[in-house]
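Secondary and tertiary structure notes
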Amino acid sequence: MTTRITVAADNVRIGDIIYNGLVGTGKHPTYAWEAITQVNSVDGLIQLITGRLDGPHGEFWFEPDESVVVVRHPPAEPKPAIAKPHNKRAHGH
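For the structure given in this document, a descriptive report is provided here. The structure presented is a predicted model; accordingly, all values stated were derived computationally and were not measured.

**A short note on the overall build of the protein**
Counting secondary structure elements, the protein contains zero helices and six strands. Starting at the N terminus and walking to the C terminus, you meet the elements of the protein as β-β-β-β-β-β. Within the protein, the fraction of its 93 residues that count as buried is 22%. By sequence separation, contacts in the protein at least 24 residues apart represent 46% of the contacts at least 6 residues apart. For the protein, the accessible area works out to roughly 7,500 Å², and carbon and sulfur atoms hold 56% of it.

**Quick look at the pattern of salt bridges**
Side chains that differ in charge, positive against negative, can pair when their charged atoms come close. The tally for this structure, following the rule as stated, stands at one salt bridge. With its nearest N and O atoms 2.7 Å apart, the salt bridge here joins R72 to D16. Taken together, the residues R72 in strand β6 (residues 67–72) and D16 in the loop between β1 (3–8) and β2 (17–23) connect sequence positions 56 residues apart. Using a relative accessible area of 13% as the deciding quantity, one classes R72 as buried.

**Quick notes on unusual backbone geometry**
For D43, which is not a glycine, the phi torsion comes out positive at approximately 50°. Looking at the element boundaries, D43 is found in the loop between β3 (30–42) and β4 (45–51). Its relative accessible area of 78% is what places D43 among the exposed residues.

**Section: the packing of aromatic side chains**
The tally for this structure, following the rule as stated, stands at one aromatic pair. Their ring planes at 55° and their centres at 5.2 Å tell us that Y19 and W33 sit as a pair that is tilted. Residue Y19 is located in strand β2, and its partner W33 is located in strand β3; the two are separated by 14 residues in the primary sequence.

**Observations concerning a nonpolar patch on the surface**
Together, Y19, W33 and V69 make up a nonpolar patch on the protein surface, roughly 240 Å² of accessible area in all. Y19 gets classed as partly exposed once you look at its relative accessible area, which sits at 34%.

**As for the side chain of T50**
One can find T50 in strand β4. The buried category is assigned to T50, whose relative accessible area is 0%. Polar side-chain contacts of T50 include one of 3.2 Å to the side chain of E34.

The rules we used
Residues numbered from 1 in each chain as written. Predicted model: local features only at pLDDT ≥ 70, side-chain atom pairs only at ≥ 80, totals over all residues. Heavy atoms only, no water. Helix = DSSP H or I, 4+ residues; strand = E, 2+ residues; numbered from the N terminus. Buried < 20%, exposed > 50% of the residue type's maximum accessible area, 1.4 Å probe, protein only. Contact = heavy atoms within 4.5 Å. Areas by Shrake-Rupley, 256 points an atom, 1.4 Å probe, with all protein chains shown as cover. Salt bridge = Lys/Arg side-chain N within 4 Å of Asp/Glu carboxyl O. Phe/Tyr/Trp six-rings, centres within 6.5 Å; stacked < 30°, edge-to-face > 60°. Patch = residues over 30% accessible without salt bridge, like charges linked within 9 Å, V, L, I, M, F, W, Y side chains within 5 Å. Polar contact = N/O pair within 3.5 Å; in protein donor to acceptor, adjacent residues only side chain to side chain.

Below is the structure:
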């Protein structure tokens, strides 16, 4: 389950998903949500990059305390430890 939240730009994380407008000009355009792949602090501003730097990518600039709406996946829950039996038996040799 994902959650749409509003955070300050300096609290955006890699892997958060940011809205990048509508895609397509057809009768039914789709919404473009893109994963953030890099977060930089440049000259007092927060730069959010979606996609790869060596190819087409999106770039967003915010003030550090500016509100940003992102979709964030909850952290993965740790797997429960499997109890191992304490009584190991020899194989009758």
